[in-house]
Every structure is written in C-alpha cells, then in structure tokens.
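Spelled out from the first residue to the last, the chains are:
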Amino acid sequence: SFGTFAVGELHNPLQGFDRAIEYTGDEVSIRYPSRLGAMTLDASRIAQNNNLVFEAGQINFCVDVCKNITVSAREDEEVVVSAHSPRPSLATHAAKLMQQALKLTNGFNIDIQDEVDLRHTGLGSSGSTIAGVAAAINEIYGRPIDDLKLARYTTHNYGEEIKNDPDRLMVVQSIGGSAMCGLVEGGIIIVSGKAVPIFSRNLDASTAVTIGVPEDYVPLDAQAMMEAELANMDGFTNAGNEHAGKISYRLVHEVLPGLVTDDLKPCKDLIFDYRWNMGSIASCSFVYPRMVDIAESLRDLKNDSKIDIIAPSSVGPAFFALSQDPDYVSGRFSELGMKIYNT
C-alpha cells in the first residue's frame, strides 16, 4: 500500500464541483507558505493507507518560509516547468491534477523559486509545492474551486518525487497541513483525521519562529525515506493505539479552550508530552538518529517561560520554537549543531 504511481495519476477525484470555468488572466504569481507539523493526533493512522487518505489529524503552524510560484496558461496541453524550478515532477503532478479537476484542454508554464530550500526536513515542502501550484492555477480561472476543497483534493492525491525517476511519485502520508497552511487562514491550524480544519486562529504577529536543522543532516529521497519509515512503523502504530484517546481528550478540554482564550501553554504541554514522553521522537529518529540526543538536550524548554511552543516538525529532523526571544532560541539550537532559520 506504499508503492509508486504515475505523475498526474488521480486517486481521489474532486467532489461536488460543478461551476463553469472562466479564464481570467494570462499569468498569476503567488507566495505559498510552509507548515510546521507540531504533532499528529493519532499516529496509528499514518500506517493505514485508504487510497492516499491518511486520517491521522495534525496540529500545524503556518510560517513565512515561502515559495514564489508563477503560472501561465499555454495554448497546447503541455506542462512545462522552468529548468531552475525545484521538484519539477511535483509541479507537473499538481498541474495535471488541476487539468483533470477543471476539465481543461490547455497546459501551463510553471516557475518556482524557494526563498529557503529546506526539503525533506519536516517543513512540508513537497505538499506546499503541489498545493501552491494548484492554488496558482485556480487563481487563473477566478478561484472556481473552494479553498478547502482544493486543499483536500491535493492532500488526497499526494506523492513525493523519486530520485532519477521523474515520471513516478512515491506514496507518502499527507495529513493536510501543508495544503491547509496556504489555503486556510490561521497561524495555528488543527486538522482532523478527515483533512478538515476543525480550529484555526491567528497568533500574535510579533511571535518569532526559530527553525533549527542539524548541520550534518543528509536528506534521503522519498522512496528511501518511506522504506526506512515502514521498517519503523510499529512505533507509530503503538503510540497511536496507546495515546490517541488521551490526546483527543486533552485537545478538547485543555488545548482548544486555551487557544480560544489566548493561552498557548496547554497546547505547548500536549505537543511536548506527545513528542518527548509518548515515543514520537524515538519513532521519528529513523530520519536522523541524533534527534533523540538533541531532544533530550532541549527537555528543559517545556517549563521555560521564554518558549511558547517547542517541537520537531513532522518526522524531523528540523526542530522549531515559537517565542518572543529568537536570539535565545538560536543560541540553544546552535549549541546543538543546528543551522538556524528565523522568520
């Protein structure tokens, strides 16, 4: 159930779309943000592939690490991605998904420029590439597809590129955060198992985001990463089976009331307990084994009032912190051999 599929292959058609398509512009340029995946709500669900629908749920933070995406329509049906654009197979996949959704007979020229290239570090760069290209194409036609429908459509037809195989993608779990962070307003977005945002809220714009990526990390391609994850899948399954009920209870009775009243501490505590005390970091360490040591060196930050949120992002190895003191966080991360990105 975790194999490969052809670029442009449709697994889950767009539902409930019947609007007329009107061409509104020759070219559209957008900036599409990144997501930090703080935690999943039921880790066991990432092991269950229901035709590319993974019902794990997720707490996400939307951050200003953006892709600049420019798309223009062509008279023929070809999809042409500029030579310097990263992830051309993902951009092509997104365009072909939109051709099918909108029943288009034309193709596209696509140009993508990453403001910061942080692929396969846990920032959802693949998901933001697919969703960002789809969003830009949707803009050309006057946004006929509702934002939430578009986010779910790209989430449930998601794959990642394979080294030396530009025509196929690898099945990789997408829970929806990467798409939602560009199409749903909110600094924090909590996504349910059905890839539906159940809570979103803007956060204080002065909040600094500090991201640390280990200097010696060498990313694998999606196929090698997925093979390593499958070999360690029991950790995710066991964590979900043991802790999902408690996580859901704390989400409803502690985290959401806190967020509504501008108190991030219950959210911080749940994320930290999940990551540090429920086995999540150990399960994710297949990506980069030193994650465990880095995490232990940051354990004191749970009760550090300078830190609003601390966690790895997705399966890592990037760690991130939300705070009002990015210099302090940068110093702590740098001491552990991490390259720093502030936003």
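All figures in this text were calculated on a predicted structure; none of them were measured in a lab. Starting from 1, residues in each chain are numbered consecutively following that chain's sequence as written. For this predicted model, a pLDDT threshold of at least 70 governs which residues receive local features, and a threshold of 80 or more governs which side-chain atom pairs are given and counted, while totals over whole chains, interfaces and linings are taken from all residues. Side-chain metrics in this entry use all non-hydrogen atoms of the structure; hydrogen atoms and water are not considered.

Draft legend 1. Focus on the sheet that holds strand β10 (residues 208-214). Taken in spatial order, the four strands make up an open sheet running β11-β12-β10-β13, and their pairing is antiparallel. Looking at which strands have only one partner, the edges of the open sheet turn out to be β11 (307-312) and β13 (338-342). Taking each pair of neighbouring strands and ignoring which way they run, the sheet shows an average axis angle of 15 degrees. At least two DSSP bridges between two strands are needed for those strands to be called paired. Think of it this way: any DSSP run of H or I at least four residues long counts as a helix, any run of E at least two long counts as a strand, and we number them from the N terminus. Summarising the sheet, β10 and β13 pair through five bridges and their orientation is antiparallel. What sits directly across from Val 213, in β13, is Lys 339. In this description, a line fitted to the C-alpha atoms serves as the axis of each element, helices being fitted only across the stretch in contact, and the angle between N-to-C directions of two axes falls anywhere from 0 to 180 degrees.

Draft legend 2. Fine view of unusual backbone geometry. A cis geometry characterises the amide bond from Gly 316 onward to Pro 317, with omega recorded as 10 degrees. Take Pro 317: it is sitting in the loop between β11 and β12 (319-323). Even without glycine at this site, Ala 195 takes up a positive phi of about 55 degrees. Within the secondary structure layout, Ala 195 lies in the loop between β8 (188-191) and β9 (197-201).

Draft legend 3. Region of interest: the nonpolar core. By size, the foremost hydrophobic cluster in this structure holds 62 residues, and its most contacted members are Ile 59, Phe 61 and Ile 211. If you tally residues by element for this core, the top one is helix α6 (residues 233-260), at seven residues. Contacts are assigned to residue pairs that have any heavy atoms within 4.5 Å of one another. Excluding residues that lie within four positions of it along the chain, Ile 211 makes contacts with Leu 36, Val 65, Leu 123, Ala 318, Phe 319, Phe 320, Phe 333, Lys 339, Ile 340 and Tyr 341. Val 28, Leu 104, Ile 112 and Val 191 belong to the second-largest nonpolar core, a separate cluster that totals 52 residues. The term nonpolar core refers to a set of buried residues drawn from Ala, Val, Leu, Ile, Met, Phe, Trp, Tyr and Cys, joined through side-chain atoms within 4.5 Å. When a residue's accessible area, from a 1.4 Å probe over protein chains only, is under 20% of the maximum for its type it is buried; when over 50% it is exposed; and in between it is partly exposed.

Draft legend 4. Fine view of the pattern of salt bridges. By definition here, a salt bridge exists when the distance from a side-chain nitrogen of Lys or Arg to a carboxyl oxygen of Asp or Glu is within 4 Å. In total, this model carries 18 salt bridges according to the counting rule given. Between Lys 194 and Glu 55 there is a salt bridge; the shortest N-O distance is 2.9 Å. Separated by 139 residues along the polypeptide, Lys 194 in the loop between β8 and β9 and Glu 55 in the loop between β2 (27-40) and β3 (58-73) bring together distant segments of the chain. The residue Lys 265 makes a salt bridge to Asp 269 at a minimum N-O spacing of 2.7 Å. Of this pair, Lys 265 and Asp 269 both sit in helix α7 (residues 265-277), four residues apart, which is roughly one turn of the helix.

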